[in-house]
Amino acid sequence: MTSRTFATIALLPLSLLIANCAENPVSGRTNFVTMSESQEIQIGRTEDVKVRQEYGVYDNKALQTYVNEVGQRLGHASHRPQLKYSYVVVDSPEIALRCRDGSERIVVGHMSAQGNDLICSWTDLTDIRRSESELRDSERRFRAMVEQMVAGFFVSQDKHFVYVNPCMAEMLGYSRDELIGLNPRKFVARQWVKAIAEARARLEKGEHNVSCRTRVRHRGGEEIIVNLLLAGGVWAGQPALFAVVENITERALTEEKAASYLMRLEEAMRGTLHAVARMVDLRDPYTAGHERRVGLVAAAIARELHWSEDRCQMLELLGLVHDVGKVAVPAELLSKPTRLTHNEFE
């Protein structure tokens, strides 16, 4: 490659750079531009259609005419009077303005025509819209979290479902769309409606959250035992009831079986102790009924001392067998009317 060829290739990027430089007719400075005038016009036409579709045209013929006349005069006096300009007032309650420091402010504009004057005023809504945006982001994160929950979750307003997560819909056997708008009480077993009403009353009195156990009906008719955690809050700007619903059917049935087994075991133990007491009475008819009376007196004293009922019943059972040692003593010694001899006592 000769030096002349290399120089020619090196000059090509420089020539392209110079071709894309143009003088800004407003500032008089040379600026680097990345698009042609025709491309700029095409972008303007495309965005014009989008803006009109998003906001709509402001329904005021007189104002539209006035703004267009002012805009046409400005266009003819500009550095590009040969272009065809189009002006329209859109019905935009809010627009974004770029400040001198590069930041953007969201404002709502008010425009009115008085004679030959066009009066505009702006209200800054930046902080309000930023807070709303943060709230929407928080709501999206919240929704993403509850959508993945393994427990049911719903939100109700005015005694109607306004949101139901997938697990809750599956628990009741309905689609989410079918549940929206229905009263949650429709799915609560009749005998448990009062418990739900009491829980809501506690929330209204100021408690932050309330937990209760209830039964709900599946679409197929079977009842599901659930644990409800209720809390008050705000949904879409309105007071709402939030509920986490945990299906505890298997656990509850297991607990019921365990409690039933324990009850039978206690009854068997009680029967055994009564049998031992009767056997002691048979061994020593002279003191028959003594064990039972001791148990009753001990339980009565315990109740006067405000012991728990379980402890009182335990004392009563212990009283039945406090003389169980008599079973190992020969009957002739238990009923002997005279003093025991030394050998008998040993």
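Presented here is a report on the structure given in the accompanying data block.

The rules behind the values
- Residues numbered from 1 in each chain as written.
- Predicted model: local features only at pLDDT ≥ 70, side-chain atom pairs only at ≥ 80, totals over all residues.
- Heavy atoms only, no water.
- Core = buried A, V, L, I, M, F, W, Y, C linked by side-chain atoms within 4.5 Å.
- Buried < 20%, exposed > 50% of the residue type's maximum accessible area, 1.4 Å probe, protein only.
- Helix = DSSP H or I, 4+ residues; strand = E, 2+ residues; numbered from the N terminus.
- Contact = heavy atoms within 4.5 Å.
- Phe/Tyr/Trp six-rings, centres within 6.5 Å; stacked < 30°, edge-to-face > 60°.
- Lys NZ or Arg CZ within 6 Å of the ring centre and 35° of its normal.
- Salt bridge = Lys/Arg side-chain N within 4 Å of Asp/Glu carboxyl O.
- Axes fitted to C-alpha atoms, helices over the stretch in contact; angles between N-to-C directions.
- Nonpolar A, V, L, I, M, F, W, Y, C, P; charged D, E, K, R; others polar.
- Pairing = 2+ DSSP bridges.

In terms of nonpolar packing, the biggest core is built from 24 residues, with F154, V164, L179, V226, L228, L230 and V245 touching the most fellow members. Those elements giving two or more residues to this core turn out to be β7 (160–164), α5 (166–172), α7 (193–204), β8 (209–217), β9 (223–235) and β10 (238–247). In this view, L230 contacts A199, L203, H208, N209, V210, L241, F242 and A243; residues no more than four positions away in its chain are not counted.

For the rest of this paragraph, the subject is the packing of aromatic side chains. For the coordinates displayed, the defined rule picks out eight aromatic pairs. With a centroid separation of 6.4 Å and an interplanar angle of 20°, the aromatic rings of Y85 and Y87 are classed as stacked. By way of ring pairs, the aromatic residues F153, Y163, W235 and F242 are connected into one cluster. Directly above the aromatic system of W307 lies the positively charged group of R311, at a separation of 3.8 Å from the ring centroid.

Once that is clear, we can look at the environment of Y286. Mapped onto the secondary structure, Y286 falls in the loop between α8 (249–283) and α9 (290–304). Between the alpha carbons of Y286 and L334 there is a distance of 8.9 Å; along the sequence they are 48 residues apart.

A word on the pattern of salt bridges. Inspection of every chain in the model, using the stated rule, returns 15 salt bridges. The residue R129 makes a salt bridge to E132 at a minimum N-O spacing of 3.1 Å. Of this pair, R129 and E132 both sit in helix α4 (residues 126–147), three residues apart, which is roughly one turn of that helix. You can call E132 partly exposed: its relative accessible area is 32%. R202 is the salt-bridge partner of E207, the closest N and O atoms lying 3.2 Å from each other. The exposure class assigned to E207 is partly exposed, which follows from its relative accessible area of 35%. Assessed through its relative accessible area of 36%, R202 is described here as partly exposed. Salt bridges sharing common partners tie together R215, E223 and E256.

A few words now on the packing of α8 against helix α10 (residues 309–320). Between α8 and α10, the least distance of the axes is 8 Å, while the angle of their chain directions is 30°. Here M269, R270, L273, H274 and A277 of α8 lie close against α10, whose contacting residues are Q313, L317 and L320. For the contact of α8 with α10, the per-class residue count stands at five nonpolar, two polar and one charged.

Strand pairing in a sheet relies on backbone hydrogen bonds. The paired strands run either parallel or antiparallel. Reading across the sheet, the three strands line up as β3-β4-β5 and stay open at both edges, with antiparallel pairing between neighbours. Edge positions in the open sheet fall to β3 (95–98) and β5 (117–124), since each of these has one partner strand only. This sheet shows a mean twist of 50° between the axes of neighbouring strands, independent of strand direction. Packing against the sheet, helix α3 (residues 61–76) makes contact with β4 (104–114) and β5, and its axis sits at approximately 105° to β5. Against the sheet, α4 contacts β4 and β5, and its axis sits at roughly 130° relative to β4.

On to the pairing of strand β6 (residues 152–157), then. Note on strand geometry: in a regular strand, side chains alternate between the two faces of the sheet. Summarising burial for β6: six of the six residues are buried, a large majority. Burial of β6 is two-sided: the residues G152, F154 and S156 facing one way and the residues F153, V155 and Q157 facing the other way are all buried. Looking at chain direction, β6 and β7 are connected through four bridges and run antiparallel. Among the inter-strand pairings, F154 is bridged to a residue of β7, identified as V164.

Nothing here speaks to function; it is all geometry.
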